[in-house]
Amino acid sequence: MQEKIAEKTYAGVLGKIIGVFYGRPIEGWPYEKIRKTFDVVDHYVYKEAGTPLIVADDDVAGTFTFLNAVEDTDHIRELTAEDFGEAWLDYVIEDKTIFWWGGLGRSTEHTAYLRLKQGVKAPESGSAALNGEAVAEQIGAQIFMDALAMMCPGDPQMARKLVRESARVSHDGIAVEAACFLASLEALAYEIRDIEELLNQAEAQGVSDRLGKIIEDVRQECRKTDDFRQVRDWLETYYGYQLYPGNCHVIPNFALILASLILGGDDFGKAMRICISCGWDTDCNGANLGCINGIRLGLSAINENFDFRGPIADRLYNISANGGECVSDAVQQTRRILAASARLYGRPVPGKKPRYAFEYPGAVQGFASCPYLERESYPAENASQYGKGNGLLLRTRNGRCAVSVPVMFDPADRQQNYCLTASPVLYEGQTVHAEFKVPDTDTQLQLYAAYYNFDNQIQICYGPVWKEGQKHAVLTWKLPSLGGMPVARMGVLCMAGVGKETEAILKSMDWNGAPEHFEIRGSLRNYDIGLNMAMESFVSSARQFHFDSRASFTISHTERNGAATIGTAQWKDYMVSSRMEPSLHKRFGVIGRARGHRRYYALMLWDGRYAGIFCRKGGKEYCLAKVDFSYGNNEKYDIELCMNKDRITGRVRAAGSRRSNEEWKCLKACDGTYRSGGAGFVVDEGTVLAYDFCVEGLNNCREDG
């Protein structure tokens, strides 16, 4: 039973991201323009619209970022709107991530965020009483809720409860009701395939008269005709945008989702074509519809009449302050939902899998023919499609095959609407482990990494060639020093003997722990290109995070807690260090084990006289250790923070030729709040320069004092 639920959840996640990327290129286009340009939108139209296919989008980022609220608590059933509001402050970067930052009183989410920042707690932050009915009843509540609903298979009441609390951070009234109704559909779709029965059961969970009338009106109209153009004309007359305030009201879009669901029947592709061809909020509507039908119809239905999965290859960007979780895929997000669901219902949490394990039929987790090494090759496919078990099938053409997966965002995927900011998921000094099934003993295998150099040009470095003639291969490769430059793609070369073709199956690939040694040193200023990808590997909530002509970084913020981080949740026990020079400031220092930008450990200096280790947890902060340390502006200081299980230590000293032999001041603390996370810098109300940045895994971590 759990295996069936897992696959349906994966299908739901896939359906959601398919809907986003199917509809995203023409979001906001008038219905008439869509009809004139495409008639029926029957394929991914990103090329015609002049946009990338895989882009940052609020539907994706909001859905999977707000799942963090569930992961950050031990009491899922007691989660409140206030808890979800705290997650907004923890993981949203103002004016950058997740939302359309359209202004107070215009963008619902921007308005709610500003309320939260001002100290207004949820649900008041999203209330119609505070923000007005027009702001409170836009579409956002239903576009962020799918992950919470998929946590509750067969349990519509729990799905509604979680979604209601999450939705009320920013929305009110019928927007919250609509989100709860769609959550009911998704929870029930695990067990009910018939659309009429599904709608009946969802209504039975409770709907207001206002929402109930919309549902019944749409159902009645769809009984009269199966012509979606006729239904779309009816929707325009009775539920069109012109009847509601704001720029993207929930009611027209909710009604269109229901109509597309009914008219599409049991054909995933037909429903998607209807939904996107009808316009309005195309990516949001396609996402909700795709999620419902992915769950309801199952994985096999998604590609019945069109290859929805191939172009996307499971990929997504989850933009938030948790930069190391941005470059992701549908399988990894499915695992998160299943783990949260197990905790919710008291079942054993599924065991940790390698990052790439390809455990669902057809899953490729972002792997594709390498754009830097292979121009003509077979597409990356799951071996299950050929009855060879799960794994990535590598088939040579002209004697070799090169496949790779993005581990950092591709600058070509940027677009105007949403800021694409992320940290890599793989670094120099980390060790990659890959397991293969090798039917032909003449096959050779080689791991490689494509990385950006100082001029943002791609370079390739290779691991050793495996040619041991066995049918089971385990390759291990520690990435060499890349001068602090970021890895773009991690890849595999499969090579055949002379005059032959061959194949192999990549069963899994993974890497764990912090880098053995990862260091950025010297100025990152590039006079030819400006910002390079080493700078862009940091995710910053500091107002200014930039290069300097002498130092590596300059970090400046006008308020408290201007943070910039790099790294992932795999970084557990390590030391982070930097030589730093404060200017005008209240506090500054380095941070470690960061999850978002309000959850971390920090070693900070302040008031010209103190150094301390802090644990920040949302809006609260705890000083774990403190020493006297005299320092001044415009002088350099060496700062180190080391985290080894519950042992948190740090040390500081003055740097420079005159004072280089001065003794370290050491601090000790014991705390188990955070077990892993990225590293970086923080400054309160001022500016600090950083002349270098270094992360060393536990084996090299000094814990003096």
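Residues numbered from 1 in each chain as written. Predicted model: local features only at pLDDT ≥ 70, side-chain atom pairs only at ≥ 80, totals over all residues. Heavy atoms only, no water.

S.K.: Explain the overall build of the protein chain to me, please; I cannot follow it from the model alone.
M.R.: The number of helices and strands found in the protein chain is 22 helices and 28 strands. For 705 residues, the compact-globule estimate of 2.2 N^0.38 gives 27 Å, and the C-alpha radius of gyration of the protein chain, at 26 Å, lies within 12% of that figure. For the C-alpha atoms alone, the extent of the protein chain along its principal axes is close to 85 × 75 × 50 Å. Taken over 705 residues, the protein chain has a buried fraction of 63%. In the protein chain, of all internal contacts separated by at least 6 residues, the share reaching a separation of at least 24 is 72%. When the accessible surface of the protein chain is split by element, carbon and sulfur atoms take 46% of a total near 25400 Å². A gap of 4 Å separates the mean positions of the 80 positive and 91 negative side-chain charges of the protein chain. (Helix = DSSP H or I, 4+ residues; strand = E, 2+ residues; numbered from the N terminus. Rg over C-alpha atoms; globule rule 2.2 N^0.38 Å. Buried < 20%, exposed > 50% of the residue type's maximum accessible area, 1.4 Å probe, protein only. Contact = heavy atoms within 4.5 Å. Areas by Shrake-Rupley, 256 points an atom, 1.4 Å probe, with all protein chains shown as cover. Lys, Arg positive; Asp, Glu negative; His and termini not counted. Charge placed at Lys NZ, Arg CZ, Asp CG, Glu CD.)

S.K.: Please clarify how the nonpolar core should be interpreted in this entry.
M.R.: In globular proteins that are soluble, nonpolar side chains generally tend to be buried together. Core analysis: the biggest nonpolar cluster contains 241 residues, and Met151, Phe436, Met490, Met509 and Phe553 have the highest contact counts within it. Among the elements that take part in this core, helix H13 (residues 174-189) stands out by supplying 13 residues, more than any other. Residues Leu373, Ala402, Tyr448 and Met495 belong to the second largest nonpolar core, which totals 6 residues. (Core = buried A, V, L, I, M, F, W, Y, C linked by side-chain atoms within 4.5 Å.)

S.K.: Is there a simple way to think about helix H15 (residues 209-224) in this case?
M.R.: Because each turn of an α-helix spans 3.6 residues, side chains separated by three or four positions in sequence point in the same direction. Here H15 is 16 residues long and its end C-alpha atoms lie 23 Å apart, about the 22 Å a rise of 1.5 Å per residue gives. Turning to H15, its buried residues are Leu211, Gly212, Ile214, Ile215, Val218, Arg219, Glu221 and Cys222. Looking at the buried residues of H15, the elements they touch are H13, helix H14 (195-204), helix H16 (228-239) and helix H17 (250-264). (Expected span 1.5 Å × (residues − 1).)

S.K.: Can you walk me through the packing of aromatic side chains in this structure?
M.R.: This structure, assessed with the given rule, holds 40 aromatic pairs. Through a chain of ring-to-ring contacts, the aromatic side chains of Tyr427, Phe518, Phe538, Phe545, Phe553, Trp571, Tyr574, Phe681 and Phe693 assemble into a single cluster. The aromatic ring of Phe614 is capped on one face by Arg587, whose charged end is 5.2 Å from the ring centroid. Over the face of the ring belonging to Trp664 we find Arg651, whose NZ or CZ atom lies 3.9 Å from the ring centre. (Phe/Tyr/Trp six-rings, centres within 6.5 Å; stacked < 30°, edge-to-face > 60°. Lys NZ or Arg CZ within 6 Å of the ring centre and 35° of its normal.)

S.K.: Just to check I follow, could you spell out the environment of Ser127 for this structure?
M.R.: Relative to the helices and strands, Ser127 is located in the loop between helix H7 (108-117) and helix H8 (128-131). For Ser127, a relative accessible area of 12% translates into the label buried. When the C-alpha atoms of Ser127 and Val169 are compared, they prove to be 8.0 Å apart, with 42 residues separating the residues in sequence. When sequence neighbours within four positions are dropped, the list of residues in contact with Ser127 reads Gly132, Ala136 and Asp172. Polar contacts involving the side chain of Ser127 include one to the main-chain carbonyl oxygen of Glu124, which spans 2.9 Å. (Polar contact = N/O pair within 3.5 Å; in protein donor to acceptor, adjacent residues only side chain to side chain.)

S.K.: What is the right way to look at the pairing of strand E13 (residues 517-521) in this model?
M.R.: Every regular strand shows the same layout, with side chains that alternate between the two sheet faces. Going residue by residue along E13, you find Phe518 and Ile520 tucked away on one face and His517, Glu519 and Arg521 left uncovered on the opposite face. One ladder, built from 5 bridges, connects E13 with strand E28 (residues 692-697); its direction is antiparallel. In the strand pairing of E28, Glu519 is matched with Cys694. (Pairing = 2+ DSSP bridges.)

S.K.: It is not clear to me how the environment of Pro52 should be interpreted in this structure. Could you clarify?
M.R.: Following the sequence through the fold, Pro52 ends up in the loop between helix H3 (46-49) and helix H4 (58-65). By relative accessible area, which is 18% here, Pro52 ends up buried. Through-space distance from the C-alpha of Pro52 to that of Gly279 is 19 Å; in sequence the pair is 227 residues apart.

S.K.: For this particular structure, what's the right way to read the confidence of the model for the protein chain?
M.R.: Interpretation of this model should avoid reading the predicted coordinates in detail wherever pLDDT is low. Looking at the protein chain as a whole, its pLDDT mean stands at 94, while 98% of the residues score no less than 70. When the criterion is pLDDT under 50, residues 700-705 qualifies, and its contacts beyond four places in sequence or with other chains add up to 17 contacts. (pLDDT = per-residue confidence, 0-100.)

S.K.: What's the story with helix H22 (residues 330-344) in this structure? I'm lost.
M.R.: Under the 1.5 Å per step criterion, the end-to-end length of H22 is 21 Å for 15 residues, consistent within 8% with the ideal 21 Å. The buried fraction of H22 is high, at 13 of 15 residues. Taking the backbone nitrogen of Val331 as reference, a side-chain oxygen 2.9 Å away marks Asp329 as the first, capping residue of H22. Looking at the residues trailing H22, positive phi occurs at Gly346, about 70°.

S.K.: Help me understand the pattern of salt bridges in this model?
M.R.: If charged atoms from side chains of opposite charge come close, those side chains can pair. This model, assessed by the stated rule, comprises 48 salt bridges. Note that Glu519 and Arg521 form a salt bridge whose closest N and O atoms lie 2.3 Å from each other. Relative accessible area serves as the criterion here: at 56%, Arg521 is assigned to the exposed category. In this structure, the salt-bridge partner of Glu640 is Arg651, at a minimum N-O distance of 2.8 Å. Here Glu640 is found in strand E23 (residues 637-644), whereas its partner Arg651 is found in strand E24 (residues 647-654), with 11 residues between them in sequence. With respect to burial, Glu640 and Arg651 carry one shared label: buried. The structure contains a network of salt bridges with shared partners spanning Glu71, Asp72, Glu86, Asp90, Lys121, Arg336, Arg595, Arg598 and Arg599. (Salt bridge = Lys/Arg side-chain N within 4 Å of Asp/Glu carboxyl O.)

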